[in-house]
Structures are given as C-alpha cells and as structure tokens.
Amino acid sequence: MIRALIGEVPTWARREHPMLRYELGKSPEPRRSIRLLRALGVVLLFGVLAGAGYLIATNMLTQSAGQTLVESLHYIAYFPLLFLQFAAGTAAFTMTADVVGEELRRQNWDNLRATANGAEIALRTRWFAVFFRLRGLIGVLVVSRVILIGLILYELTAFQGRYLDLLTFGITPEVALPVAVVLLAFMMTAAFLLPLTGMAFDAALGLLVSAYVHKRTFSTLAQFLVILARFGVMIGLLLAARDYLAGALTLSDPLGWLLMWGLGGAGDQGLAYLLLSRFAEVWATVPYGIFLGLALIGFAFLQAWLAEHVLHLAVRRAQRG
C-alpha cells in the first residue's frame, strides 16, 4: 500500500531490512487469548466513544443531534474521532520519545553509532515502525474520513445539485461554481492527509526528544509536558473557534482567518470542515475562508517537510551523543 502511494521506499523502510525486522520483532505476536481480549477491549472502547459522542451531540439527550441525518452522524462522530486522532498523535510521539535511552540501557547505542549510518538507520526505522504498529488506528481514521467525504458528496446532490451554489452565494470573494468545487476538493484532500502528516511529525518530534533527553525520568517528564502542551493547543483552538463563529470573540479578518486555519491544521486536523454546512458557515463568516482548503494542503505539506527536518536534526544530535 505504501509503495502504491509514494513509489519505491528506501531500503531501511522495507520489511526485509534487518533493522526494521528488529524493531517490529520487539512486539511479538501475542497469544490468541490476548488478541481476543484486545478485540473485546476495542469493541468496548468504540461503544463507549459512540455513546459519549451521542451524549455530547445531543447535549445530554436534551436536543436533537443535528437538523439532518448527515449533520447528526457528523456531530455524533466528531468527538470520538477527535479523541482517536489525539490518541494516535500521542502514541506516535511516545513510541519514539525514548528510543535512544532504550538503546543506551540495552548497551546497544555505542555499537549502532560505531556502525556506518547505524544511528540514522535505527532512528529512521523506529520512526517508520510507528506506522506499522498503529496501522489499525490509522485505518479507522482513514475509513472514517472516507465516509465523511462520501457524506459531503451526498450533500452536494441536495437542491437538485445546486447546494454548493447556494452555500457560496454572497461570500467574500464570490467564486464560480467550478472554482468552488476545486477548492472544496482541496479541503477534502487536506482533511485526508493531515492525520498522517501529523503522526509523521509527532513521531519525528519524539525522536528529537529522545536524542536530547536520555534518562527515563526526565524523558517521561518531557513527554508529559509536550503532550500537555499539544492538548492545550487543541482545546484552545477549538474553544476560540467556537466563540469566534458564535460572535463571542472579536478578531480582525486576518486573525479570524488564521484561527480557522489553525483549527483545521493543528486543532482537529480538518475534521470540523468535513461537514459542509459547518464549512460554509466559515465561508460566510471569514473573508476568503473558502481558500482554507488550499491553505490546509499547504499545512499538510509543511508538516511533512518539518517531520523530515526534525528527524534529520534528531539524527545529527543522536550521532554526536
């Protein structure tokens, strides 16, 4: 699947590479009873999340989840998916945040550094192994987004196919329908990519922490602070965007646009904008808000670029010891 998406992968990213086999071999296949318990736990977790999403969407059963079926499904799924996205990013970060310390405690790090490109390959394979280990969670995030995008396409058939025309009427700037379709496609593409590029950046950031902080106690503290800061940024963006759209927070047009861009990129990774009526509310409130999809594509590429450069910085620091 990875080769189909990005072409030929580097040698260290192939399953037959000994370093990647070593990384994946650290988590041996569990017994059948353990797998069954995990499956039961996953089912219970999804049940709890679905129930919590329904209670939040209905304001503790005091109102309807949404005005339409599509709105109801989106509002019910929003907070469970937000939780899973945050959990995926946190897991990607913590899986790599102590890799150098682990190898030091195993007394393997000096051997890796003495081998040609050994430290670099060790860090890069740990980074890549995150996607193997979290493939189930990644699958949930990808499939859920495919479903939400499908619901957007279904919504576009409303009003005899003129729904998008109606939503873009009177916005700043007004754009032709073909342009609106392209900009909406950019948004859907960005919302699909952002969880993946976000996990890539989180895993690279974890490696950077591991390269600078080797002792387990300090590493745990650093991880806690980073996760707390990430959670604070997410909640802050969600609350600020809610108040801004409700008129309770006054911002200039450029700051309002940047807030909506930050919400889509670092807040909920485009999840809110996968409800067409909510995204149209942004278009009507924020001048040039219809271009947010294009800007979020840029955010996704920026995350991917930063992930590579942070990973390179971590490698250089780790090689110096």
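Residues numbered from 1 in each chain as written. Predicted model: local features only at pLDDT ≥ 70, side-chain atom pairs only at ≥ 80, totals over all residues. Heavy atoms only, no water.

## Focus on the overall build of the chain
Piece 1. A count of helices and strands for the chain gives 15 helices and zero strands.
Piece 2. Its C-alpha radius of gyration of 22 Å places the chain within 12% of the 20 Å reference for a compact globule of 321 residues.
Piece 3. Taken along the three principal axes of its C-alpha coordinates, the chain extends 65 × 45 × 40 Å.
Piece 4. Classification of the 321 residues of the chain by burial places 44% in the buried group.
Piece 5. Side chains of the chain give 26 positive and 19 negative charges; the mean places of these two sets differ by 13 Å. (Helix = DSSP H or I, 4+ residues; strand = E, 2+ residues; numbered from the N terminus. Rg over C-alpha atoms; globule rule 2.2 N^0.38 Å. Buried < 20%, exposed > 50% of the residue type's maximum accessible area, 1.4 Å probe, protein only. Lys, Arg positive; Asp, Glu negative; His and termini not counted. Charge placed at Lys NZ, Arg CZ, Asp CG, Glu CD.)

## Observations regarding the side chain of R145
Piece 1. Mapped onto the elements of the fold, R145 is located in helix 8 (residues 135-155).
Piece 2. In this structure R145 is buried but unpaired, with D268 as the nearest side chain of opposite charge at 6.4 Å.
Piece 3. Sequence-distant contacts of R145, that is, excluding residues within four places in its chain, are made with Q85, A191, F192, P195, D268, Q269, L271 and L274. (Salt bridge = Lys/Arg side-chain N within 4 Å of Asp/Glu carboxyl O. Contact = heavy atoms within 4.5 Å.)

## Overview of the nonpolar core
Piece 1. Ranked by size, the top nonpolar core spans 81 residues in total, and within it W127, L184, M260, Y273 and W283 carry the most contacts.
Piece 2. In terms of residue count, helix 11 (residues 177-212) provides more of this core than any other element does, 15 residues in total.
Piece 3. Beyond its immediate chain neighbours, meaning those up to four positions away, L184 contacts I152, L156, L164, L276, F279 and W283. (Core = buried A, V, L, I, M, F, W, Y, C linked by side-chain atoms within 4.5 Å.)

## Digging into the pattern of salt bridges
Where charged atoms from two side chains of opposite charge approach closely, those side chains can pair.
Piece 1. One pass over the full model with this rule turns up eight salt bridges.
Piece 2. D98 is paired through a salt bridge with R105; the nearest N and O atoms lie 2.4 Å apart.
Piece 3. With relative accessibility at 11%, the residue D98 sits in the buried group.
Piece 4. What makes R105 partly exposed here is its relative accessible area of 38%.

## Here's the deal with the packing of helix 4 (residues 69-96) against helix 7 (residues 118-133)
The geometry of a pair of packed helices is captured by two quantities: the angle between their axes and the separation between those axes.
Piece 1. Viewed as axis vectors pointing N to C, helix 4 and helix 7 meet at an angle of 140 degrees, and their least axial separation amounts to 10 Å. Considering their axes alone, helix 4 and helix 7 lie oblique with respect to each other. Our pair here, helix 4 against helix 7, has a crossing hand that is right-handed. Between helix 4 and helix 7, the residues in contact are A92, M95 and T96 and R126, W127, V130 and R133, respectively.
Piece 2. Looking at the contact of helix 4 with helix 7 residue by residue, the classes come out as four nonpolar, one polar and two charged. (Axes fitted to C-alpha atoms, helices over the stretch in contact; angles between N-to-C directions. Parallel < 35°, antiparallel > 145°, perpendicular 65-115°, else oblique. Left-handed = near helix turned anticlockwise from the far one by under 90°. Nonpolar A, V, L, I, M, F, W, Y, C, P; charged D, E, K, R; others polar.)

## Details of the confidence of the model for the chain
Piece 1. Chain-level pLDDT for the chain is 88 on average; 91% of the residues reach the 70-or-more range.
Piece 2. The least confident element of the chain, judged by mean pLDDT, is helix 1 (residues 2-6) at 45; the most confident is helix 13 (residues 253-267) at 95.
Piece 3. Within the model, the stretch residues 1-7 combines pLDDT values under 50 with seven contacts to residues more than four positions away or in other chains. (pLDDT = per-residue confidence, 0-100.)

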